[in-house]
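# Observations on the model geometry
Here's the letter readout for the chains.
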Amino acid sequence: MAADPIFLSVSDAVDSIQSSLSHLSISDHNHNHHLHHFSAFAHRLQLALNHLLRSSPSPNDFPPSVHTALKGIAADLIKALDTLSVYRSRSKIFVLINCPSLCASLQEHTLAISRWLTLLDSALLDVPDLRKKFADLSRDMKQARFQVTENEERVHSMLQKEGQGRQTKTSKAVQSAIIMDLARSLGIDPENHAEISEQIKLLKDDLARSSLLSERRILASLERILDNWAIEPTISTWKLDLEFEDEGQITPFKNFLCPLTKDVMKDPVVLESSQTYERSAIEYWFEQCLEDGRDPTCPATGQLLESLELKPNIGLAGAIEEWVNRNVEIQVQKAVQHLSEEAPAVDCIEKVLDGVYGICEEHPIGRYGVRNAGIVVLIVKLLRTSSKSIGSNLRKKALMALLSIAKDEESKKIMLEEGITRLAIHSLTGSSEKERESAVKLLLEFSSDEACCTKIALEKGALVLLSSIAGNLEHPALSNLAEEVLKQMEKMEDNIQHLAAAGRFEPLLTRLCEGSEDVKIEMATMVGRMTLTNSSKEQIARQGTKILVDMLSRPESRPASLQALYNLSSLDDNTTILVDSHVLPALVDILFTNLDTFPELKELAAITIANIVSNPGHWELASADKEGHSMQSESFVYNLLGILAVVSPRCQVSVLHILYGIASSPQASEPVTSHIKSREGFKIILQFLEHSEVEHRVSAFRLTRVLSERFGHDLAKELRTSNKLLLLKDKLLDNQATDGEKADAACILANLSLSEDEVKMLLGADFIRWTVKTLKIQRCNSSRRVTRPMSTMLEGLLGLLLHFTKSCDPQSLHAVRENRLMAIFCEQLGYPSKPRVKQLAVFGLKNLSECGRLTAARDAGPSPPHGFCSSLVFMCGKASSGPSTCPIHNVICEEEGQLCLLKSKCIIPLVNLLTDEDTSVQIAAVEALSTLVLDTSSGYKRAVDELEQLGVVNAVIDLFTEVRPGELQERVSWMIERILRAENHNHRQSLNQALVKALVEAFKHGNPNTKKHAQDALTNLKQLSGVSGKASSQARSWR
């Protein structure tokens, strides 16, 4: 067994994975279902891996757990590739011999890869979309089952017995069974001796160097059986299935029967002994004689024959033919009689159909009598009117009878007129494989004619069902038949679109890539007009994008290509394919430089670009024009702003979508929004906020929201200048506005830098009540599916309330108390929300806590008590050390004061956020909790004791021991240092070795502020000597 591959670096592992996946993506004609099953997983792994690699500049930047997972995946992929190479390079019979071990190997490596994917999933907490891809793939691979089919198991068992060596000679019946089972497993017709022989030759090549005795025995046994099967003549005799005792039947004369076979002869010949035999029987007798080393004799007389000449017995052959024709007529009459009955017995109809099939197969001339007697119409009628009641087996027999009759062209026309194609297509969904196989064979017979082929394609569901059967490799023989039908269909140009609609795009793609210019335009037009599934869009994009991009350079093919590219761009996963095919420069050229371009083409170019940039990814670094400028360059943004005034209304909407897409990208947001600001883009965009068309307004509001997140001050200035500040409030209160407009207007108002006077004048008391009411309504609707406008509105409403928490004047404090803003912010922490919603709610709590501290200090007078709050009507009374005072602030705080985190029961919800998956939420929670330890004067120990009882101290310490260097570590280290100033807490925590170790690590590796906080904390724990225990001014003023 080969040793496990070892990868020294994650880059080597990634390269190995890419190499393995590229080998798996190579298409071949191997129809093994295990190979295709694993290749499908490999394709999904490729997409997820590409997404993962795009999420970071270098694989080395990933966490160690990701490194471990990637190395594990690389190693198991190499092992799986070794197993799959057996399916690809060895003969089918060799695979059958070893199928249990091959399946077990694939199962083992698939399960191993799924475990590595689970590790990846747990390590990618910050990338939810990518995490879902890995989680879904891990689950599917864990549930995958690579099992040997029943037929494969039977053939494998038979081959193993042959390999063990049989004690007795295999009978012909057993040999027949072996050949039939083997052929079915290989997807070969049992009568196709040449193909079976070829497979055995391939097995012989595979075993050329094999030293296993069992494999040698299997090969020898198969060669012997095939030789016997091929050379032994089939002495088939036509049987009418007649009941000779019935009246009207004619029994054969004795001389009609062959002495050797005892059956009616079909080709009687005379020997020199004047004895007549069936030609095939006497020829086989002669061969046996010669093989045994005996002189040929006449079997009946024992006479030695000097000549082996066989003379046709023309007279007897004519008599037999006349006897056959007479009995055929009787059989046809009986068939018509039984098929014409209103409620015929099933077993009777089965015999009739078997008889009709026998007549047509053994005596082709009998097809004319069958057709002229009207049996074709009767059988089709039986299928049409009694299809549900007659059962799958009887439908199979009816289809087989029609298949044999269809070799007569006139009968085929009658069947088409009677609607046989529709009935055959209905049987494609039959419950038995035999019925489906009969239906496919009948369709294959009809598909050889162009008119019939067109008729089949027009039948509803025909191509979809045939494509499904062709792709089901668990039944190779049936799959091959369906594939032949579809190939016949592909020869007809009129069927290309029908085939594509059924998901079979190879003919369309072949013509798109290799056809003439007119054919390419026709195919591109089809792609542009069709409603495609996501997998179809990806398939077409991978094979046809480069051709479609090339077609953009020619005016005559540009409209069709643009429409097709627009259709393909609607799938997010196609973005990389489109960008790598250099579609952006061609689209940008149509949008910007071709002034004579039809407006419709500019609209298509713009909306395709908008689709490409709708998700961040590969496009940020790609060239957007022939000069090499990127999508985030100043010239590109300037040109977009410039054409807004001259393009059509539909194109304006798409341009706004483009601006929104590139401004929303994490990589491009900063330069793009800066370019918009520097080019007076605010003024251009804001005019669309009042556009008469809804699409324009919605797009403009979305873009303005993104701009407000980065340039709230400058945007507020422009809105004041253009007198549009009030427009935002009016839009929020407008019942006719869309949910998207309202949500974006709320976020814009929340992000603007407004003065205290503007907050009071523009928003006011009535507006804050409306905001609170709307927020409650939003929360009541949160049980339903949360849409993007709902989520955005929630962020906007919380942001609006933040405006009222930034001022401590009496009017603002009255609004805070009246509307219970602290309770509202706290409630948001109890719902499952997006990180930004939690962050805004925590900011509100932090602002109110700080505002309460400042207000208390101001109202306490020149000699304030050693607490936090003063005697406000909503918070505190005289300073007191009695039990009625607030443990945090050492004064009396009212329950409804809305400025005390403890009394408003907000501390525990904030503590719970310290374990949130989003770092920004954790930082906000630490900042809010830090407002409780700002004042370390008298009563501070009591405050820390209360925080310890509430679990704050332990939660903060636990977070600090797990956090990595960065902003969060800095904020937590400041709070740790403050907590350790309290009496007794520093001594008790000095025994906490995990805390001490974390402080030492922070002191060594943290940023300058973190190092100082850690140093002061270690000093308080008496872990550092010779350093003052007082906190530095830097440590006191980080906030």
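Residues numbered from 1 in each chain as written. Predicted model: local features only at pLDDT ≥ 70, side-chain atom pairs only at ≥ 80, totals over all residues. Heavy atoms only, no water.

Under an unreviewed UniProt entry, the name given to the protein chain is RING-type E3 ubiquitin transferase, and the organism recorded is Rhamnella rubrinervis. The protein chain has a UniProt comment under Pathway (unreviewed entry) that states "Protein modification; protein ubiquitination." Quoted verbatim from the Catalytic activity (unreviewed entry) field of UniProt, the annotation for the protein chain is "S-ubiquitinyl-[E2 ubiquitin-conjugating enzyme]-L-cysteine + [acceptor protein]-L-lysine = [E2 ubiquitin-conjugating enzyme]-L-cysteine + N(6)-ubiquitinyl-[acceptor protein]-L-lysine." (UniProt positions renumbered as here; feature names shortened; annotations may be inferred.)

What follows covers the overall build of the protein chain. Per the secondary structure count, the protein chain includes 53 helices and three strands. For the protein chain, the proportion of its 1039 residues judged to be buried stands at 51%. Roughly 48900 Å² of accessible area belongs to the protein chain as shown, and the carbon and sulfur atoms make up 50% of that amount. (Helix = DSSP H or I, 4+ residues; strand = E, 2+ residues; numbered from the N terminus. Buried < 20%, exposed > 50% of the residue type's maximum accessible area, 1.4 Å probe, protein only. Areas by Shrake-Rupley, 256 points an atom, 1.4 Å probe, with all protein chains shown as cover.)

As a further point, take a negative patch on the surface. Together, Asp494, Asp518, Glu522 and Glu556 make up a region of like negative charge exposed at the surface. Take Glu522: it is sitting in helix α26 (residues 517-529). Residue Glu522 is classed as partly exposed on the basis of its relative accessible area, which comes to 41%. (Patch = residues over 30% accessible without salt bridge, like charges linked within 9 Å, V, L, I, M, F, W, Y side chains within 5 Å. Salt bridge = Lys/Arg side-chain N within 4 Å of Asp/Glu carboxyl O. Lys, Arg positive; Asp, Glu negative; His and termini not counted. Charge placed at Lys NZ, Arg CZ, Asp CG, Glu CD.)

All right, on to unusual backbone geometry then. Positive phi values are uncommon outside glycine, yet His582 reaches one of about 60 degrees. Along the chain, His582 falls in the loop between α29 (575-580) and α30 (583-592). Under the relative-accessibility criterion, His582 is labelled exposed at 59%. Its identity as a non-glycine residue notwithstanding, Lys905 has a phi of 55 degrees, on the positive side. Mapped onto the elements of the fold, Lys905 is located in the loop between α44 (835-859) and α45 (907-912).

One pass over the full model with this rule turns up 41 salt bridges. Lys266 is the salt-bridge partner of Glu362, the closest N and O atoms lying 3.0 Å from each other. In this pair, Glu362 sits in helix α13 (residues 346-362) while Lys266 sits in the loop between α10 (213-231) and β1 (268-270), placing the two residues 96 residues apart along the sequence. Taking the relative accessible area as the measure of exposure, Glu362 reaches 27% and is therefore partly exposed.

Attention now moves to the confidence of the model for the protein chain. Confidence in the prediction of the protein chain, expressed as mean pLDDT, is 82, and 87% of residues score 70 or more. Confidence, read as mean pLDDT per element, is least for helix α53 (residues 1033-1036) in the protein chain (38) and greatest for β1 (95). Here residues 231-247 scores under 50 on pLDDT; set against residues more than four positions off or in separate chains, the count is 35 contacts. Every residue in residues 1026-1039 scores below 50 in pLDDT, and together they form 33 contacts with partners more than four places removed in sequence or on other chains. (pLDDT = per-residue confidence, 0-100. Contact = heavy atoms within 4.5 Å.)

Right, let's get into the sheet that holds β1. Across the sheet, three strands lie side by side as β2-β1-β3; this open sheet has antiparallel pairing. Here the strands that pair on one side only, and so sit at the sheet edges, are β2 (276-278) and β3 (311-312). As judged from the two bridges shared by β1 and β3, these two strands associate in the antiparallel manner. Pairing of Val269 across the sheet is with Pro312, part of β3. Running over the sheet, helix α11 (residues 279-291) touches β1, β2 and β3 and is turned about 95 degrees from β2. (Pairing = 2+ DSSP bridges. Axes fitted to C-alpha atoms, helices over the stretch in contact; angles between N-to-C directions.)

Counting 173 residues, the largest nonpolar core has Leu659, Ile662, Leu752, Leu821 and Ile976 as the members making the most contacts within it. A total of eight residues in this core trace back to one element, the largest contributor, which is helix α33 (residues 649-664). Those residues within four positions of Leu752 in sequence are excluded, and the remaining contacts are Gly712, Leu715, Ala716, Leu719, Leu725, Leu728 and His803. Core analysis: the next-biggest nonpolar cluster, separate from the first, contains 75 residues, Cys298, Leu305, Ile390 and Leu463 among them. (Core = buried A, V, L, I, M, F, W, Y, C linked by side-chain atoms within 4.5 Å.)

What follows deals with the state of the cysteines. Scanning the model with the defined rule gives zero disulfides in all. The closest cysteine sulfur to the non-disulfide-bonded Cys453 is located on Cys452, 8.4 Å from its own sulfur. (Disulfide = S-S within 2.5 Å.)

Let us now look at the packing of aromatic side chains. For the structure shown, the criterion picks out six aromatic pairs. Geometrically, the ring pair formed by Phe682 and Phe711 is tilted, given 6.4 Å between the ring centres and 55 degrees between the ring planes. Of the two residues, Phe682 is situated in helix α35 (residues 681-686) and Phe711 in the loop between α36 (694-710) and α37 (712-721); the sequence distance between them amounts to 29 residues. Across this residue pair, the class does not change: Phe682 and Phe711 are buried. With a centroid separation of 5.4 Å and an interplanar angle of 25 degrees, the aromatic rings of Phe767 and Trp770 are classed as stacked. (Phe/Tyr/Trp six-rings, centres within 6.5 Å; stacked < 30°, edge-to-face > 60°.)

For helix α39 (residues 739-751), with 13 residues, the first-to-last C-alpha span of 18 Å sits near the 18 Å given by 1.5 Å per residue. Along α39, the residues classified as buried are Gly740, Glu741, Lys742, Ala743, Asp744, Ala745, Ala746, Cys747, Ile748, Leu749 and Ala750. The inward-facing, buried residues of α39 abut α36, α37, α38 (725-733), α40 (756-780) and α41 (788-803). (Expected span 1.5 Å × (residues − 1).)

Before going further, it helps to spend a moment on the environment of Asn1009. With respect to the helices and strands, the residue Asn1009 is situated in helix α52 (residues 1008-1020). Put simply, Asn1009 and Ser973 are 36 residues apart on the chain and 9.0 Å apart in space, counted from C-alpha to C-alpha. At 3.0 Å, the side chain of Asn1009 and the side chain of Glu970 are in polar contact. (Polar contact = N/O pair within 3.5 Å; in protein donor to acceptor, adjacent residues only side chain to side chain.)

Moving on, we come to the packing of α13 against helix α17 (residues 392-405). The contact between α13 and α17 brings their axes to 9 Å, and the two run at 25 degrees. Our classification of the angle between α13 and α17 gives roughly parallel. For the pair α13 and α17, the crossing hand works out as left-handed. Note on element contacts: α17 touches α13 through Asn393, Leu394, Lys397, Ala398, Met400, Ala401, Ser404 and Ile405, opposite Val346, Ile349, Glu350, Leu353, Asp354, Val356, Tyr357, Cys360 and Glu361. A breakdown of the residues in the contact of α13 with α17 according to their chemical character gives 11 nonpolar, two polar and four charged. (Parallel < 35°, antiparallel > 145°, perpendicular 65-115°, else oblique. Left-handed = near helix turned anticlockwise from the far one by under 90°. Nonpolar A, V, L, I, M, F, W, Y, C, P; charged D, E, K, R; others polar.)

On to α33. One full turn of an α-helix is made of 3.6 residues, so residues set three or four places apart face in the same direction. For α33, with 16 residues, the first-to-last C-alpha span of 23 Å sits near the 22 Å given by 1.5 Å per residue. Of all the 16 residues making up α33, 12 are buried; the element is thus mostly covered by neighbouring parts of the structure. Taken as a whole, α33 has its buried residues at Cys651, Gln652, Val653, Ser654, Val655, Leu656, Ile658, Leu659, Tyr660, Gly661, Ile662 and Ala663. On its buried face, α33 is in contact with α30, α31 (599-612), α32 (634-643), α34 (669-678) and α36.

So, about the environment of Ala457. By the element assignment, Ala457 lies in helix α21 (residues 450-458). Here Ala457 falls in the buried class, since its relative accessible area comes to 7%. Between the C-alpha atom of Ala457 and that of Asn495, which follows or precedes it by 38 residues, the distance is 6.5 Å. Those residues in contact with Ala457 that sit more than four places away from it in its chain are Leu463, Met489, Asn495 and His498.

Turning our eyes to something else, we now look at the environment of Leu403. The topology assignment puts Leu403 in helix α17. Given the relative accessible area of 12%, Leu403 is considered buried. Taking the C-alpha atoms as reference, Leu403 lies 7.3 Å from Lys441; in sequence the two are 38 residues apart. Those residues in contact with Leu403 that lie beyond four places of it in its chain are Lys441, Leu442 and Glu445.

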